[in-house]
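# Reading the structure
Below, each chain spelled out in residue letters.
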Amino acid sequence: MDHKLRKEIGKIEKLKRRKKFQCLFPQCSDVSIGSHSQQRGGQLKVISENDEVFSMNFSMYDVLTKGNSAFSLVKTRIKNASIYPGFCQTHDGQVFSPIEKQPLKKGDELQAATFFLRTVTYEVTRKRLVHFGTQKILENCAKILPETALDNFKLQNLGREKFIKHDLPFYLNNAYKAYNSPESGILKTKWVVIPKKLNASSCTVFSPMRDFQERIYHQAIASPQILSSFNLVPMQDETHVIVSWLAQHTDENEWIESVMDTQLEKFINYVAICESEDICIGPELWESVDIFTRERVYEAMHHEVYRGALDEIPCIIRI
């Protein structure tokens, strides 16, 4: 990488780390803090060693300098893992209190709605941060990068702008409706409790359309993408798997209920590895995975055109 480009990307990375947004709580104008999409003193603590976990590397610098190797898991302090500038100090504690101050109870509709809201707000912020970083590259590196690279970044951000302006407000609005009226039937949830601690944790949206998502999305580009939420929540003696979707998308999510009953391990690995941008793995688990399987995991983290058939996804999270 050109020295000048390296320097500019380094500056952009610092801007991204310091970037704050307006609090995502309705009618709040305060500035966001570093909210945790996965509870630091809960699920991250129980899988950590010396308060460290392996989490995904989001460094734009690494993406441009290392290419595919940027799809990697790096050892991270839990205080720095799964952070996103979503809520202000007041609302960060208030919004998540049903799942952080109360014991989890399978089937609790308010807790399910809270997990859905947290997952959606994480996705909102992640997309905004990536859009911000890419826009800074276009502004600051236009004379350094080749034209083909610039065109690619422009196209990527056009897609993100559509998603940010159209899809995310749709999901955020419905998430708050479900949170404020958890018994309204806006959400449907499949909640499974595994009677052991799994050494992995995740909070992500994913497409229930699986590998057909891109083709279907282009056929219905005026409509919001169909997204479901996935939360893998390990505790000391059990692990909660909580998957929620909008009731209006029940048909597209019908397969999830049966596969969680019959192929739960495969489903967990599929979503946590292939679909998640927010996975944390305990050092005890990740350090026990051999180098060849790790490479298969990194391949599976790529877009579907690279990762191969779903049957080939490595199952490293065992139930």
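Residues numbered from 1 in each chain as written. Predicted model: local features only at pLDDT ≥ 70, side-chain atom pairs only at ≥ 80, totals over all residues. Heavy atoms only, no water.

We now examine the packing of aromatic side chains. In this structure the tally under the stated criterion is 9 aromatic pairs. Ring geometry for F25 against Y176: centres 6.1 Å apart, planes inclined by 90°, an arrangement best described as edge-to-face. Taken as a pair, F25 in the loop between helix 1 (3–18) and strand 1 (35–36) and Y176 in helix 7 (residues 147–180) lie far apart in primary sequence, 151 residues in all. The class of F25 is partly exposed, set by a relative accessible area of 21%. Aromatic side chains F170 and Y171 sit 5.0 Å apart centroid to centroid with 85° between the ring planes, which places their arrangement in the edge-to-face category. Relative accessible area serves as the criterion here: at 3%, Y171 is assigned to the buried category. An aromatic cluster of at least three residues, connected via ring pairs, comprises F206, F230, W255 and F267. The ring of F96 has R118 sitting right over it, with the charged end atom 5.4 Å from the ring centre. One cation-aromatic arrangement involves R128 over F21; the distance from NZ or CZ to the ring centre is 5.8 Å. (Phe/Tyr/Trp six-rings, centres within 6.5 Å; stacked < 30°, edge-to-face > 60°. Helix = DSSP H or I, 4+ residues; strand = E, 2+ residues; numbered from the N terminus. Buried < 20%, exposed > 50% of the residue type's maximum accessible area, 1.4 Å probe, protein only. Lys NZ or Arg CZ within 6 Å of the ring centre and 35° of its normal.)

Moving on: the confidence of the model for the protein. Put simply, the protein has an average pLDDT of 88, and 89% of its residues get 70 or more. Taken together, the stretch residues 213–219 has pLDDT below 50 and engages in 10 contacts with residues farther than four places along the chain or on a different chain. (pLDDT = per-residue confidence, 0-100. Contact = heavy atoms within 4.5 Å.)

What follows concerns helix 1. The end-to-end C-alpha distance of helix 1 is 23 Å, a good match for the 22 Å that 16 residues give at a rise of 1.5 Å each. Listed as buried for helix 1 are L5, E8, I9, I12, E13 and K16. Projected onto a plane normal to the axis of helix 1, the buried residues spread over an arc of 145° and lie on a single side. Turned more than 90 degrees off the buried face of helix 1, the exposed positions are H3, K4, K7, R17 and R18. (Expected span 1.5 Å × (residues − 1). Arc of directions from axis to C-beta.)

Before going further, it helps to spend a moment on the environment of W191. Topologically, W191 is positioned in strand 5 (residues 187–194). The spatial distance from the C-alpha of W191 to the C-alpha of H240 is 7.1 Å, given a sequence separation of 49 residues. Leave out the neighbours within four places in its chain, and W191 touches L104, K105, K106, G107, D108, Q111, A112, H240, V241 and I242. Within the structure, the side chain of W191 is placed 2.9 Å from the side chain of H240, a separation counted as a polar contact. (Polar contact = N/O pair within 3.5 Å; in protein donor to acceptor, adjacent residues only side chain to side chain.)

On to the sheet that holds strand 3 (residues 73–77), then. Ordered by their spatial adjacency, 7 strands build an open sheet running 3-2-9-6-7-8-5, and the pairing between neighbours is antiparallel. Taken across any chain shown, the strands that pair with only one partner, and hence form the sheet edges, are strand 3 and strand 5. Averaged over all pairs of adjacent strands, the angle between strand axes in this sheet comes to 20°, irrespective of strand direction. Helix 10 (residues 264–275) rests against strand 5, strand 6 (200–206), strand 7 (228–234), strand 8 (239–246) and strand 9 (279–281) of the sheet, and its axis sits at about 70° to strand 6. (Pairing = 2+ DSSP bridges. Axes fitted to C-alpha atoms, helices over the stretch in contact; angles between N-to-C directions.)

Before going further, it helps to examine the pattern of salt bridges. When the charged atoms of two side chains with opposite charge come close together, those side chains can pair. Per the counting criterion, the structure on display carries 9 salt bridges. A salt bridge links E287 to K75; its shortest N-O distance comes to 3.1 Å. With E287 in the loop between helix 11 (283–286) and helix 12 (291–301) and K75 in strand 3, this pair connects stretches of sequence that are 212 residues apart. Assessed through its relative accessible area of 43%, E287 is described here as partly exposed. Classification of K75 as partly exposed rests on a relative accessible area of 42%. We note a salt bridge from E139 to K136, for which the minimum N-O separation is 3.6 Å. You can see E139 and its partner K136 sitting in helix 6 (residues 109–140), 3 residues apart, about one turn around the helix. E139 sits in the partly exposed class, given a relative accessible area of 47%. (Salt bridge = Lys/Arg side-chain N within 4 Å of Asp/Glu carboxyl O.)

Here we take up unusual backbone geometry. Negative phi values dominate among residues other than glycine, just as trans dominates among peptide bonds. A positive phi angle, close to 55°, is found at N50, a residue other than glycine. Positionally, N50 belongs in the loop between helix 2 (40–47) and strand 2 (52–56). Here the phi dihedral of D51 falls at roughly 60°; this positive angle occurs in a residue that is not glycine. Position of D51 among the secondary structure elements: in the loop between helix 2 and strand 2. When its relative accessible area of 25% is taken as the criterion, D51 is described as partly exposed.

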